[in-house]
Amino acid sequence: MAKRVFAIAAHPDDIEFMMAGTMMLLKERSYELHYMTVANGSCGTAEHDRETIIQIRRQESINAAEFIGAVYHESLCDDIEIFYEKKLLTRLGSVIREVAPEILLVPSPVDYMEDHVNTSRLAGCHNIPCFTLWTQRSAKESYQSGNLCRYNRGNEEQRTDVGNAQKPEGVAG
Ligand SMILES: [Zn+2]
């Protein structure tokens, strides 16, 4: 299995805030990096029109992916439209199968925002180990404790060692 990690977040900036540091560390361990925000940032402005902000956020994401040496994958839908439904599930699934990552980095399945939770669900059902920062704790606490959590079982054949991942209390799998 190729050493390949795929960060799948909801919105532009989410990867930079939650996953980019982990990706850079994995790159030092010879992982190939892949980067996608499921939504395109269409609601990320009080100033620009829809097409303009999508272009701005897309270019920012491409620049960020380039900065850490990651392969950029296009967004699939607008902000606030990440639903756990068949069409989006199959579109995301086809990209995941194409990339064939050993590890997925995903948002926490417990979060204040539906887009984040649904991204976690959409990415988390493809038999690939998913790791997340457990956001019931603050991100700062999680980073300080090195507490990058694995929350799904993935394919048992694909066990992998990425350091101090652990299952948080009360989480199945
Ligand atoms: Zn977000």
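Predicted model only: the values in this text are computed from it and were never measured. (Residues numbered from 1 in each chain as written. Predicted model: local features only at pLDDT ≥ 70, side-chain atom pairs only at ≥ 80, totals over all residues.)

### Digging into the overall build of the protein
In terms of regular secondary structure, the protein is built from six helices and six strands. For the protein, the α and β elements follow one another from N to C terminus as β-α-α-β-α-β-α-β-α-β-α-β. Across the 173 residues in the protein, those meeting the buried criterion constitute 38%. Sequence-distant contacts in the protein: of pairs separated by 6 or more residues, those separated by 24 or more amount to 66%. (Helix = DSSP H or I, 4+ residues; strand = E, 2+ residues; numbered from the N terminus. Buried ≥ 20, exposed ≤ 12 C-beta atoms within 10 Å, placed from the backbone. Contact = placed C-beta atoms within 7 Å.)

### Quick look at the nonpolar core
Membership of the largest hydrophobic core comes to 32 residues, with the highest contact counts inside it found for Val5, Ala7, Ile8 and Leu104. Elements represented by at least two residues in this core include exactly strand E1 (4-9), helix H1 (14-18), helix H2 (20-28), strand E2 (32-37), helix H4 (86-99), strand E4 (103-105), helix H5 (114-123) and strand E5 (130-133). Residue contributions to this core peak at five residues, all from E1. Each residue touching Ile8, except ones within four places of it in the same chain, is listed here: Met36, Val38, Leu104, Val106, Thr119 and Ala123. (Core = buried A, V, L, I, M, F, W, Y, C linked by C-beta atoms within 7 Å.)

### Examining the pairing of E2
The element E2 is extensively covered by neighbouring structure, given that five of its six residues are classed as buried. Relative to strand E3 (residues 70-73), E2 runs parallel, the two being bridged by four bridges. Directly across from Tyr35, in E3, lies its bridge partner Tyr72. (Pairing = 2+ DSSP bridges.)

### Brief notes about H2
Among the residues of H2, Ala20, Thr22, Met23 and Leu26 are the ones counted as buried. Each buried residue of H2 lies within a common arc of 155 degrees when the element is viewed along its axis, so the set occupies one face. Those residues of H2 that are exposed and angled more than 90 degrees off the buried face are Gly21 and Glu28. One or two positions beyond H2, positive phi appears at Ser30, with a value near 70 degrees. (Arc of directions from axis to C-beta.)

### Considering unusual backbone geometry
At Asp13, a residue that is not glycine, the phi angle is positive and equals roughly 90 degrees. Turning to its location among the elements, Asp13 is positioned in the loop between E1 and H1. Judged by local crowding, Asp13 falls into the partly exposed class, with 16 C-beta atoms found within 10 Å. Backbone geometry places Ile80, a non-glycine residue, at a positive phi of 65 degrees. Summarising the element assignment, Ile80 is placed in the loop between E3 and H4. Its 14 C-beta neighbours within 10 Å are what place Ile80 among the partly exposed residues.

### Comments concerning the environment of Leu89
Its place among the elements puts Leu89 in helix H4. A tally of 17 C-beta atoms within 10 Å means that Leu89 is categorised as partly exposed.

### Examining the confidence of the model for the protein
The predicted coordinates ought not to be read in detail in places where the model reports low pLDDT. Summary statistics for the protein give a mean pLDDT of 83 and a share of 76% for residues scoring 70 or more. Taken as a whole, residues 156-173 scores under 50 in pLDDT and shows 25 contacts with residues more than four places along the chain or in a different chain. (pLDDT = per-residue confidence, 0-100.)

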